[in-house]
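As a plain string of letters, each chain reads:
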Amino acid sequence: MLKLHQHAALPKPSRDEAARQDYVHDLRRSLAGVRVGFAGLYQDRIEPGFIKTQGRPPKDRHEVRHAMTANPHYQLWSAAQRFSQELGWESVIDTVEARGVPDPEVKPPLGTLTLDPALPLPKYHDAQDIHLMPGGYHGGEAADPLANGAVFDMGVRIWGTGGMGPENDILGVITSAWFAAEYPDFNLKRILDMGCSIGGSTLPWKRTFPEAEVHAIDVAGPIIGYGHRRAEALGVAVHFSQQNAEHTNFEAGSFDVVVSHIMLHETSRSALPRIFAECHRLLRPGGIMLHFDIGPIVGTNHFQDFMAEWEVLNNNEAFLGTLRKIDVEALIVEAGFAPDHVSRVIAPGPSQEAVKSKGYVNFTGAPGYRGIKQS
Amino acid sequence: MSGTILQRTAKGRRPRYLDQQSNDDLLRMLLVTVQELSVTRDRLAALETVLEQTGTLTPQAVDGFEPDAAWDDSRSLARDDLHARLFRSLSAAIKTE
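For every chain, the first residue of its written sequence is number 1, and the numbers climb from 1 along that sequence. As they are written, the chains are lettered A onward and the ligands numbered 1 onward, keeping that order. This being a predicted model, a pLDDT of at least 70 is required before a residue's local features are given, and a value of 80 or more before pairs of side-chain atoms are given or counted; all residues contribute to the totals for chains, interfaces and linings.

1. Overview of the overall build of chain B
Moving on, step 1. Secondary structure assignment for chain B yields 3 helices and 0 strands.
Moving on, step 2. Under the DSSP-based scheme used, a helix requires at least four consecutive residues in state H or I and a strand at least two consecutive residues in state E, with every element numbered from the N terminus. Written out in order from the N terminus, the α and β elements of chain B read α-α-α.
Moving on, step 3. Each radius of gyration reported is based on C-alpha atoms, and the globular scaling rule is 2.2 Å times the count of residues to the power 0.38. In summary, chain B has a C-alpha radius of gyration of 19 Å against a globular reference of 13 Å for 97 residues, an excess of more than 25%.
Moving on, step 4. Seen through its C-alpha atoms, chain B measures out along the principal axes to roughly 50 × 45 × 20 Å.
Moving on, step 5. With C-beta atoms placed from the backbone, a residue counts as buried when 20 or more other C-beta atoms lie within 10 Å of its own, as exposed when 12 or fewer do, and as partly exposed for counts between those limits. Within chain B, buried positions represent 16% of all 97 residues.

2. A look at the overall build of chain A
Moving on, step 1. If you tally the helices and strands in chain A, you get 15 helices and 8 strands.
Moving on, step 2. At 21 Å, chain A has a C-alpha radius of gyration in line with the 21 Å of a compact globule built from 375 residues.
Moving on, step 3. Sorting the 375 residues of chain A into buried and exposed places 50% on the buried side.
Moving on, step 4. We call two residues in contact when their backbone-placed C-beta atoms lie within 7 Å. By sequence separation, contacts in chain A at least 24 residues apart represent 79% of the contacts at least 6 residues apart.

3. Thoughts on the interface of chain B and chain A
Moving on, step 1. Contacts between the two partners involve 43 residues from chain B and, on the opposite side, 51 residues from chain A.
Moving on, step 2. Elements with a contribution of two residues or more to the side of chain B that touches chain A: helix H1 (21–54), helix H2 (69–86) and helix H3 (88–96) of chain B.
Moving on, step 3. With 11 residues, the single largest contributor to the side of chain B that touches chain A is H1 of chain B.

4. Quick word on the environment of Ile-130 of chain A
Residue and element names in this part refer to chain A.
Moving on, step 1. Counting through the fold element by element, Ile-130 comes out in the loop between helix H5 (123–126) and helix H6 (147–159).
Moving on, step 2. Overall, Ile-130 belongs to the buried group, with 22 C-beta atoms counted inside 10 Å.
Moving on, step 3. With 182 residues separating them along the chain, Ile-130 and Val-312 place their C-alpha atoms 9.8 Å apart.
Moving on, step 4. Other than its neighbours up to four places away in sequence, Ile-130 contacts Gly-136, Glu-266, Asn-316 and Glu-317.

5. So, H2 of chain B
Moving on, step 1. Given a helix with a known number of residues, its expected span is that number minus one, times 1.5 Å. Here H2 of chain B is 18 residues long and its end C-alpha atoms lie 25 Å apart, about the 26 Å a rise of 1.5 Å per residue gives.
Moving on, step 2. Along H2 of chain B, the residues classified as buried are Arg-75, Arg-79 and His-83 of chain B. Burial along H2 of chain B is one-sided: seen end-on, the buried residues are contained in an arc of 85°. The exposed residues of H2 of chain B that point more than 90 degrees off its buried face are Ala-70, Asp-73, Leu-77, Asp-81, Ala-84 and Arg-85 of chain B.
Moving on, step 3. Buried residues along H2 of chain B sit in contact with helix H1 (15–35) of chain A together with H1 of chain B. Summarising the geometry, the arc corresponds to the directions from the helix axis toward the C-beta atoms.

Function-wise, these values are silent; they only describe arrangement.
Below is the structure:
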């Protein structure tokens, strides 16, 4: 069982708290095992039943949803899956409440932290607590300015059953490695990571490009504050600032690369054009924008389509479903990138060696959208 | 205690899954109960390990127990076994309905 790297800013669970957290981790693994059976149930029973009454197979994921959610076994699994998510957060909140967020007081500091408490919270973060984390990234009713960052760090291990690795960094590890291989001669001096959360993906970019100046922004104070403390504890120099990716205060043309990891699906349809336009403004000519997130729907397997959207319907990931259906590349072109400079990319998944040594989930790769600013 | 009080309930839609709300609540209560059973089993295992290693028990020995990876893995296997039995009827019903 993969445990988080117990760095100096990570609250340490008591024996019983660790047992509660590990329980939910394993509950989710077992529920994932139960979930596998639904493909057969659908094929053998649900779809034939639908055809019998309707005279045709379901025409989209919505019709599959109506049929599946009427099934009592699916109801039971789905309820347990939802509660596993809630119990996962609760189990780490116990630890953060009891211990607070330790301050390793790294001196001299490696990076910087700039908070902006007056920054308005966008509706897409305020309307619901994304993936059911109580208080969301911004902390909600929590008075502790860093607590929800630590809650997120510890909770992600449970949500992903450890597949993000001991430092929740798998995405940044594979995207920065992909970039280094794709652009061996690129002059990379200044990088911006948007929607950086606790910096899980940011730190690998700094480690891959140690000479570069790395900036990281997020709209929520607690994860930025915790992200800074965590980066210092891990000995990685990153400049964190609390900013909205739709409008930042950085100078035009001041970055070589602007990147994000699983940020787009936690924004909104109206935010996307503003984010892409801001990226275009921030890049120097020849600079590269990369947004790694869920790719568009491919194929016509309505059952898989429905199951892929479990998180949308049950885990407060409201925009995830929409993002899969809109033409993101067209929006990037509208934001100023030349059509022949916009494409989709895939950062290959972790090596078998890294899967073994770091406990990373074994997957084929992270899809992304790329826009290159014309020279 | 750090004195920090955090939000415990997520803002947003609360779907109902089973035929009535109270059954959703019952399932949640069941999962919390099984969770606490698992916590107790882990604590017992920690106690046994401490006794085996030191031959004695001090008041903080179990709370201060630092498991190694092999111990964590053995507890994880025990939880998998618990879940296999907990979900056996559900998994079987999904396969053979």
